[in-house]
Amino acid sequence: MKFFVDTADINDIRDLASTGLLDGVTTNPSLIAKSGKQFLPLIEEICGVVDGPVSAEVASTDYETMLKEGKKLAAIADNVAVKVPLTPAGLKVCKELSDAGTMVNVTLCFSALQAVLAAKAGATFISPFVGRLDDLSQDGMQLIADIVQIYGNYPEWYTEVLVASVRHPVHILESAKLGADVVTCPPAVIKGLYNHPLTDKGLATFVDDWKKTGQSIL
Ligand code: G3P
């Protein structure tokens, strides 16, 4: 399972990149606005910090402009994945960019049949938003289960399931059980995965008991 971080905060990205466990980054227009940074230079900076795919989303909604924006974003760095919305125009752009060899992340996916269309359009990644479905008392993880099952029936499709809108560790656990390819998570959710009280308690005991030996390894 690949871990992407869902943020445009360069400090959080650097911090997680230093763990050696970060496989990529996803951003969106809301995260870019929250960063307060200029979009294009920020994406270039992120692409220099992380070797894996960095999703940068188009801002327009019409085919012609999205295609121009997508080509400009793709030219920033080889590891840019152009993010397009799951709309008829967005999937037309997806098809054209992916046919030209550009990574494309199709975002704002809320149904399994939308995910079928994205795979047929040659998407590199499909981003089903589990948290936003859960927010409406729908079952976001059932969407992931449906997409993983359907994609498994068509080995000629190569679109990776990128679980997005992750709210907590259970989303990651369930995604791993289902065999999703990627999860993209807020920085705090990834950082929280290390934590367990019994780990802390056990380590404290080991440290104390080692001190009692009076020995040193070095
Ligand atoms: O960036 C894509 C997705 O992860 C955003 O989801 O619901 O946290 O805005 P959300």
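Just so it is clear, the model here is predicted, and its values are computed rather than measured.

**Description of the site of the ligand**
- Around the ligand sit Asp6, Asn28, Lys83, Phe129, Arg132, Ala164, Ser165 and Arg167, and those are all the residues in its vicinity.
- A distance of 3.4 Å separates an oxygen atom of the ligand from a polar side-chain atom of lysine 83.
- A distance of 3.1 Å separates an oxygen atom of the ligand from a polar atom in the side chain of arginine 167.
- Burial of the ligand by the protein amounts to 84% of the accessible area it has alone, namely 310 Å².
- Of the residues belonging to the shell around the ligand, the class tally is 2 nonpolar, 2 polar and 4 charged.

**Concerning helix H5 (residues 88–99)**
- Taking 1.5 Å per residue, 12 residues should reach 16 Å; H5 reaches 17 Å between its end C-alpha atoms and fits that length.
- Residues Ala89, Gly90, Leu91, Val93, Cys94, Leu97 and Ser98 constitute the buried set of H5.
- One or two positions beyond H5, positive phi appears at glycine 101, with a value near 95°.

**With respect to a nonpolar patch on the surface**
- A cluster of nonpolar residues, Leu203, Phe206 and Val207, forms a patch on the protein surface that exposes about 310 Å² of accessible area.
- You can see leucine 203 is positioned in helix H11 (residues 197–213).

**What about the nonpolar core?**
- If you look at the biggest cluster of nonpolar residues, it comprises 60 residues, and the most contacted ones within it are Val106 and Ile126.
- Contact partners of valine 106, with chain neighbours within four places excluded, come to Val84, Pro85, Leu86, Leu91, Cys94, Ala118, Ala123, Phe125, Ile126 and Ser127.
- Listed in part, the 7 residues of the second largest apolar core include Ala81, Phe125, Phe129 and Leu162.

**A look at the sheet that holds strand E5 (residues 103–109)**
- The 8 strands lie next to each other as E1-E2-E3-E4-E5-E6-E7-E8, forming a closed barrel whose pairing is parallel. Neighbouring strand axes in the sheet, compared pairwise and without regard to direction, differ in orientation by 30° on average.
- Summarising the sheet, strand E1 (residues 2–6) and strand E2 (residues 24–26) pair through 3 bridges and their orientation is parallel. From the neighbouring strand, aspartate 6 faces E2, where its bridge partner is threonine 26.
- Here helix H6 (residues 112–120) sits on the sheet and contacts E5 and strand E6 (125–128); the angle it forms with E5, its principal contact strand, is near 165°.

Cut-offs used in this document
- Residues numbered from 1 in each chain as written.
- Predicted model: local features only at pLDDT ≥ 70, side-chain atom pairs only at ≥ 80, totals over all residues.
- Heavy atoms only, no water.
- Near = heavy atom within 4 Å.
- Polar contact = N/O pair within 3.5 Å; in protein donor to acceptor, adjacent residues only side chain to side chain.
- Areas by Shrake-Rupley, 256 points an atom, 1.4 Å probe, with all protein chains shown as cover.
- Nonpolar A, V, L, I, M, F, W, Y, C, P; charged D, E, K, R; others polar.
- Helix = DSSP H or I, 4+ residues; strand = E, 2+ residues; numbered from the N terminus.
- Expected span 1.5 Å × (residues − 1).
- Buried < 20%, exposed > 50% of the residue type's maximum accessible area, 1.4 Å probe, protein only.
- Patch = residues over 30% accessible without salt bridge, like charges linked within 9 Å, V, L, I, M, F, W, Y side chains within 5 Å.
- Salt bridge = Lys/Arg side-chain N within 4 Å of Asp/Glu carboxyl O.
- Core = buried A, V, L, I, M, F, W, Y, C linked by side-chain atoms within 4.5 Å.
- Contact = heavy atoms within 4.5 Å.
- Pairing = 2+ DSSP bridges.
- Axes fitted to C-alpha atoms, helices over the stretch in contact; angles between N-to-C directions.

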